[in-house]
Amino acid sequence: MTSSSSSFRNATSQQLAEALQHARDYTLSLFDCFAAAGMDAPVRVPQLRIINPPLWELGHTAWFAEWFILREAASSHPADAQSPCLLTKGDDWFDSARVPHRSRWTLDLPTSGGVKTYCYEVLDRVLDKLTREANTDEALYPYRLALAHEDMHGEAFHYTLQTLGLAAPRQAVERELAAYAPSEIAFPGGTLQLGSAATPGGGFVFDNERQAHAFHVAPFRMDSTLVSNAQYADFVTDGGYQNRQFWSHAGADWLMRQERSAPRYWQRDGGQWRTVRFGKLTTLDGAEPVRHVNLYEAQAYCAWAGRRLPTEAEWEYAALSGHPAFRWGQLWEWTASPFEPYPQFHADRYLEYSEPWFHTHQVLRGASFATPSRFGSAKFRNFYMPERDDIFAGFRTCAWPG
């Protein structure tokens with residue numbers, strides 16, 4: 001995957017209209033996967049910290065678009081909308097900043113049919129309003145923001161399907177991860193413009209990507225591909241989960257609480273490993289990148305292998321280098337970098353997007369097979385808590401200097 005002219009960041013009004021329609025259709029198709037399993041009603045959804053009730057999440061995506069586009073909110077602050085919600089209790093139901101996570105299972109939400117109707121109504125009005133917008137970054141900002149938000153929740157729906165052991169849409173399952181021959185690339189290093197510059201005509205920029213700044217990257221050697229299942233299985237077989245010398249203090253604490261001896265979803269079956277993918281038990285493909293590993297597991301593997309994780313600056317340097325052997329976009333990739341603000345950071349209109357998560361989350365770079373191609377960017381900073389292993393994440397390694 002590479003950043004390209006088809007990115008949502010530079011999408012025109014017409015491109016946005018098509019993408020917003022596509023995103024909503026896909027969100028609804030994912031919701032139907034939950035409905036087919038009887039999980040359209042929150043009461044039938046397990047209350048887990050890492051997921052939302054699908055009905056709530058569906059309504060939230062439409063509410064977000066209504067808030068920033070139709071209600072012309074200057075920010076996500078509750079007082080900043082210029083008009084009331086189409087739903088009398090919409091703000092009380094679907095504003096993620098005001099609705100605690102644990103309460104989302106017990107809200108008096110509309111039926112799934114009612115929430116779908118709300119989704120259709122919001123999209124119709126959004127598309128109508130879009131026809132009258134100027135083709136400028138400022139005018140199209142809320143549309144691009146709403147599209148990115150829905151694409152992120154669409155990927156989260158994939159995580160939830162996997163977590164709950166439910167079938168995913170055929171097109172998601174059929175996107176198998178390609179296997180590439182592992183190799184190592186030597187990068188010369190140099191000065192990188194880390195982050196994105198918010199310039200007139202430059203397109204959409206997430207707040208945590210600003211401000212773009214010169215950053216020196218020392219020479220480094222990085223894997224061209226992600227660590228494979230077979231490589232990771234060697235670590236497991238060699239007692240990697242039992243040998244605490246490979247684990248950080250935080251990693252060892254997590255491991256003790258989990259009593260884990262292999263990655264999430266791995267099952268030993270005689271002399272081979274099997275894994276669960278969207279509710280189906282399948283033989284683990286040794287050549288595929290290892291997925292559903294958290295930061296601690298990635299760090300422990302690196303310690304065992306005498307390697308290290310790349311920093312996010314090294315990852316961005318490699319992704320922008322144009323080196324033909326450097327491939328990304330199969331899985332999100334853990335980096336060695338904590339999620340911290342760049343110099344001169346200031347929150348954008350979506351106030352809660354980045355700032356509350358600084359210093360507690362870890363940066364991941366790249367994209368996954370469930371990420372829409374229009375979303376992929378070598379500049380994008382994803383971020384999760386270090387223990388998260390439900391996401392479609394893997395890692396690659398770097399050599400230590402010397």
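As shown above, the structure is provided for reference.
Predicted, not measured: the structure shown is a model, and the values here were computed from it. (Residues numbered from 1 in each chain as written. Predicted model: local features only at pLDDT ≥ 70, side-chain atom pairs only at ≥ 80, totals over all residues. Heavy atoms only, no water.)

Caption draft 1: Inspection of helix α1 (residues 13-36) at higher detail. The terminal C-alpha atoms of α1 lie 35 Å apart, and with 24 residues this matches the ideal 34 Å at 1.5 Å per residue to within 8%. Looking one or two places after α1, you find glycine 38, whose phi comes out positive at around 80°. (Helix = DSSP H or I, 4+ residues; strand = E, 2+ residues; numbered from the N terminus. Expected span 1.5 Å × (residues − 1).)

Caption draft 2: A look at the packing of aromatic side chains. A full pass over the atoms with the stated rule returns 47 aromatic pairs. Look at phenylalanine 369 and phenylalanine 392: their rings are 4.6 Å apart centre to centre, the planes differ by 40°, and that puts the pair in the tilted class. Note that phenylalanine 369 is positioned in the loop between β9 (362-366) and β10 (382-384) and phenylalanine 392 in the loop between β10 and β11 (393-394), a separation of 23 residues in sequence. In terms of burial, phenylalanine 369 and phenylalanine 392 fall into one category: buried. In this structure, arginine 308 packs its charged tip against the face of tryptophan 400, placed 5.9 Å from the ring centre. In this arrangement the basic side chain of arginine 381 is found over the ring face of tyrosine 342, its NZ or CZ atom lying 4.0 Å from the centre. (Phe/Tyr/Trp six-rings, centres within 6.5 Å; stacked < 30°, edge-to-face > 60°. Buried < 20%, exposed > 50% of the residue type's maximum accessible area, 1.4 Å probe, protein only. Lys NZ or Arg CZ within 6 Å of the ring centre and 35° of its normal.)

Caption draft 3: Spotlight on the nonpolar core. Ranked by internal contacts, the top residues of the largest apolar core, which has 121 residues, are Tyr232, Phe235, Trp247, Trp266, Phe326, Trp334 and Phe395. Broken down by element, the residue count for this core peaks at 11 residues, all from helix α5 (residues 137-164). (Core = buried A, V, L, I, M, F, W, Y, C linked by side-chain atoms within 4.5 Å.)

Caption draft 4: Quick peek at the sheet that holds β9. Taken in spatial order, the 4 strands of this open sheet run β10-β9-β8-β11, and their pairing is mixed. Each edge of the sheet is formed by a strand with only one pairing partner; in this case those strands are β10 and β11. Across 3 bridges, β9 lies against β10 in antiparallel orientation. Bridged to leucine 364 within β10 is asparagine 382. (Pairing = 2+ DSSP bridges.)

Caption draft 5: Region of the structure containing the packing of α1 against helix α2 (residues 54-70). At a minimum axis distance of 10 Å, the contact between α1 and α2 shows a crossing angle of 170°. By the angle between their axes, α1 is roughly antiparallel relative to α2. Contacts between α1 and α2 involve Arg24, Thr27, Leu28, Phe31 and Phe34 from the former and Pro54, Leu55, Leu58, Thr61 and Ala62 from the latter. Each residue belonging to the contact of α1 with α2 can be placed in one class, and the counts come to 7 nonpolar, 2 polar and 1 charged. (Axes fitted to C-alpha atoms, helices over the stretch in contact; angles between N-to-C directions. Parallel < 35°, antiparallel > 145°, perpendicular 65-115°, else oblique. Contact = heavy atoms within 4.5 Å. Nonpolar A, V, L, I, M, F, W, Y, C, P; charged D, E, K, R; others polar.)

Caption draft 6: Up close: the pattern of salt bridges. A complete count under the given rule lists 29 salt bridges for this structure. In this structure, aspartate 108 engages lysine 89 in a salt bridge whose closest nitrogen and oxygen atoms are separated by 2.6 Å. Of this pair, aspartate 108 sits in the loop between α3 (90-94) and α4 (112-130) while lysine 89 sits in the loop between α2 and α3, and the two are 19 residues apart along the sequence. For aspartate 108, a relative accessible area of 47% gives the class partly exposed. Among the charged side chains, a salt-bridge network with shared partners connects Glu312, Glu316, Arg365, Lys379 and Arg381. (Salt bridge = Lys/Arg side-chain N within 4 Å of Asp/Glu carboxyl O.)

Caption draft 7: Layout of α5. With 28 residues, α5 extends 39 Å between its outermost C-alpha atoms, agreeing within 8% with the 40 Å of an ideal straight helix rising 1.5 Å per residue. At tyrosine 143, α5 is deflected by roughly 25°, the largest bend along its length. Burial analysis of α5 places 24 of its 28 residues in the buried class, the great majority of the element. Downstream of α5 by one or two residues, glycine 165 has phi in the positive range, about 70°. (Bend = angle between axes of the 7 residues up to and from the residue.)

Caption draft 8: Broad picture of the side chain of threonine 397. Among the structural elements, threonine 397 can be located in the segment after β11. In this structure the side chain of threonine 397 is engaged in a polar contact, spanning 2.6 Å, whose partner is the side chain of aspartate 223. Excluding its chain neighbours within four sequence positions, the residues that come into contact with threonine 397 are Met222, Asp223, Val227, Tyr301, Cys302, Arg307 and Arg308. (Polar contact = N/O pair within 3.5 Å; in protein donor to acceptor, adjacent residues only side chain to side chain.)

Caption draft 9: Representation of the sheet that holds strand β7 (residues 280-283). Read across the sheet, 3 strands follow the order β5-β6-β7 without closing on themselves; strand pairing throughout is antiparallel. Two strands lie at the open edges of the sheet, namely β5 (266-269) and β7, each paired on one side alone. Direction aside, the axes of adjacent strands within the sheet are offset by 35° on average. Here β5 runs beside strand β6 (residues 272-277); their pairing, made up of 4 bridges, is antiparallel. Looking at the pairing, tryptophan 266 lines up with threonine 275 of β6. Helix α7 (residues 229-237) rests against β5 and β6 of the sheet, and its axis sits at about 70° to β5.

Caption draft 10: Here's a closer look at the environment of alanine 73. Mapped onto the fold, alanine 73 is located in the loop between α2 and α3. Accessibility expressed as a relative area gives 3% for alanine 73, which makes it buried. Along the backbone, alanine 73 and glycine 59 are 14 residues apart, and their C-alpha atoms lie at a distance of 18 Å. Residue contacts for alanine 73: discarding those within four places in its chain leaves Trp67, Phe68, Asp80 and Ala81.

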